Each structure stands twice: as structure tokens, then as C-alpha cells.
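Here is what each chain is made of, one letter per residue.
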Amino acid sequence: MREDTTSTRSREQRATLAEANHILVDQGILDAFGHVSVRSADDPDTFLLARNLAPGLVQADDVQLFTLDGTTDDPRPPYLERHIHGEIYRARPDVHAVVHSHSPAVIPFGVAGTPLRPVLHMAGFLAPEAPVFEARDTLGSGSDLLVRTPQSGVALAGALGRSSVVLMRGHGATAVGASVEEAVYRAVYTEVNARAQAEALRLGGCTYLTDEEAAATVATNTPQLPRAWGFWRDRAHRP
Ligand SMILES: [Zn+2]
């Protein structure tokens, strides 16, 4: 595993990843925990992810390079759950970025048996509903729920399937995208949708987007990703 860390693409990806960490903290998706990665533009069988560090503190120099089995030459301690990223990149060639969070409003949908479904036009990517990963199926009933082995990463990637987001029972969620901007957008609006859906259900009911509406909103919103990214990045770095 060799990487020219001075290459322009590598430097840009590391800087983007640091920005993504700061945006996700500012948006309340990550706190002291959670992480975001990007598939390397230099080698698609590797990915970039920060070392074991609170997301708000991540800078470009903290980013490590991993092979898909979660190994790195970097001696600094990595995140325990790096296998979330590696096994999703292995299973989904279309995925170029992954956000793993403990997104607070999403947690109830992973434990209550109520599917998380798109209720607003910014979250059509959730259609028809977000699948739920049950750690017990792989790890038994005594685990700490963390995806700390390649085997549980494979199981998580299997639960994700072709979806954009997978909920993780009693733990959090993982959102994927074709770019860092898209994965971050999906992580943010998964949380927004969860809050709106829970509030609607408290009010007495919920009208969900049809699959056709969901597809139409995704087509409209995808070209707008740079607008969200630029605003969130500016906001996150405002003194
Ligand atoms: Zn986690």
C-alpha cells in the first residue's frame, strides 16, 4: 500500500475529509464519535479515514490510508469501526464516501420497529425505507454492537444492499454516496427526516413520498449538492 501523500488529489481529498468532519459536527450529526471516509482517487482499493480522534479535531494530517480489509501502515491508532467503510467500498463500487454516525433522531427508528421512510423532499434518497442492521445476527447477544471486524462489516454491507442509508439497531446509522458531498448531505437529511417523521407520527399520522416522488426529488436535489456543501462548510468554519 503506497500513496504519494504529496499528490494534488491526495492533498485535496484529505482537506475535503477534514471539512466533512467539521460540517458533520456543526450539523449535529457527529459528536465526539462517528467518522467519515472517502475512497482514494489514486487507488479505488484503498480509502482515506482519520485516525482515532474526535471528528471536530480532525485536520488533513490526521487522515490515514487503508486497504479495504482495514489495515494501514500508519502507526497511529485507527478507529475500531474502520471495517464499516472498507467492506462497504468492497461491496459497492458506486460508493465513494461513507459517513458513520450516532445521529440522535435516527436511533429510535432502529429500535422501535417503525421504518424510516422519506417524508420530505430533501430526503427522497431514503425510499422506499432505510434497512436496519441487526448486530445480533452476526455477533450474538453479548456484543458491544460495534462493527470491529471484517466479518461484521460484510454483514453491515449486506444489510445496506443497494440503499443509501442503513440504520444500526441501538447504535446509529451509516450513509453512503458517490462523493463526500453526497454522503454528508444524506447523513444530514437522514437526521432531518427522522425528526420530521417522528413529529408527524406524534401528531397522528404520516404521508410518505411515493417512490416516484422520491426519485424526482433526488434528480432535482443532486445537482444542488455544491450549494449545501458550500453553505455548511462556511458555517462550520465561521469564528
Ligand atoms: Zn459507531
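See above for the structure.
The paragraphs below set out a description of the structure included in this document. Only a predicted model underlies this, so the values are computations on that prediction, with no experimental measurement involved. (Residues numbered from 1 in each chain as written. Predicted model: local features only at pLDDT ≥ 70, side-chain atom pairs only at ≥ 80, totals over all residues. Heavy atoms only, no water.)

**Here's the deal with the coordination of the zinc ion**
Definition in use: Only nitrogen, oxygen and sulfur atoms qualify as donors, provided they sit within 2.8 Å of the metal or within 3.2 Å for Na, K and Ca; with water excluded from the atoms, sites may seem incomplete. Any coordination sphere not matching a tetrahedral pattern (four donors, all angles between 85 and 135 degrees) or a square planar or octahedral pattern (four or six donors, opposite donors over 155 degrees apart, other angles between 65 and 115) is reported as irregular.
Those protein atoms acting as donors to the zinc ion are Glu81 (OE), His100 (NE2), His102 (NE2) and His171 (NE2), and they sit at 2.0 to 2.3 Å. Classification of the site at the zinc ion rests on its four donor atoms, whose angles at the metal span 93 to 148°, yielding the label irregular.

**Focus on helix α2 (residues 82-91)**
Put simply, the rule is: Each residue gets one of three labels from its accessible area relative to the maximum for its type: buried under 20%, exposed over 50%, partly exposed in between, using a 1.4 Å probe on protein chains only. Numbering goes from the N terminus for both helices and strands, where a helix is a DSSP run of H or I of at least four residues and a strand is a run of E of at least two.
Taking burial as the measure, the ten residues of α2 include eight buried ones, the bulk of the element. Along α2, the positions that sit buried rather than exposed are Arg82, His83, Ile84, His85, Gly86, Glu87, Ile88 and Tyr89.

**Focus on the pairing of strand β3 (residues 63-67)**
The test is simple: In this analysis, strands are considered paired if DSSP registers two or more bridges between them.
Judged by how many residues are buried, β3 sits mostly within the fold: four of five residues are covered. By the bridge criterion, five bridges tie strand β2 (residues 46-50) to β3 in an arrangement that is antiparallel. Bridging across to β3, Ala50 finds its partner in Val63.

**Examining the side chain of Ser101**
The test is simple: What makes two residues a contact is simply this: any of their non-hydrogen atoms within 4.5 Å.
Mapping Ser101 onto the fold places it in strand β4 (residues 97-101). Setting aside chain neighbours within four positions, we find Ser101 in contact with Ile29, Leu30, His171, Gly172 and Ala173.

**Details of the packing of helix α1 (residues 8-26) against helix α8 (residues 225-236)**
When two helices pack together, their arrangement is given by the angle between the helix axes and the distance between those axes. This is how the line gets drawn: Orientation is described by lines fitted to C-alpha atoms, with helices fitted over the stretch in contact, and by angles between N-to-C directions that extend from 0 to 180 degrees. In what follows, roughly perpendicular refers to angles from 65 to 115 degrees, roughly parallel to angles under 35, roughly antiparallel to angles over 145, and oblique to any angle outside these ranges. Residues were grouped as follows: Ala, Val, Leu, Ile, Met, Phe, Trp, Tyr, Cys and Pro as nonpolar; Asp, Glu, Lys and Arg as charged; and all remaining residues, including Gly, as polar.
For the pair α1 and α8, the least separation of the axes is 9 Å and the interaxial angle reads 75°. By the angle class used here, α1 and α8 are roughly perpendicular. Along its contact with α1, which presents Thr16, Glu19, Ala20, His22, Ile23 and Asp26, the element α8 presents Trp229, Trp232, Arg233, Arg235 and Ala236. Grouping the constituent residues of the contact of α1 with α8 by class yields five nonpolar, two polar and four charged.

**What to know about the sheet that holds β4**
Spatial ordering of the open sheet is given by β3-β2-β1-β4-β7-β6-β5, a layout of seven strands whose pairing is mixed. Every interior strand has two partners, whereas the edge strands, β3 and β5 (132-133), have only one. Of the pairings in the sheet, the one linking β4 to strand β7 (residues 172-177) comprises five bridges and is antiparallel in character. Across the sheet, His100 pairs through a bridge with Thr174, a residue of β7. Packing against the sheet, helix α5 (residues 150-160) makes contact with β5, β6 (165-168) and β7, and its axis sits at approximately 125° to β6.

**Concerning the environment of Leu17**
Following the sequence through the fold, Leu17 ends up in helix α1. Judged by relative accessible area, which is 1%, Leu17 ranks as buried. Along the backbone, Leu17 and Leu48 are 31 residues apart, and their C-alpha atoms lie at a distance of 8.2 Å. If near-sequence neighbours (up to four positions away) are discounted, Leu17 is found in contact with Val36, Ser37, Val38, Leu48, Leu49 and Val63.

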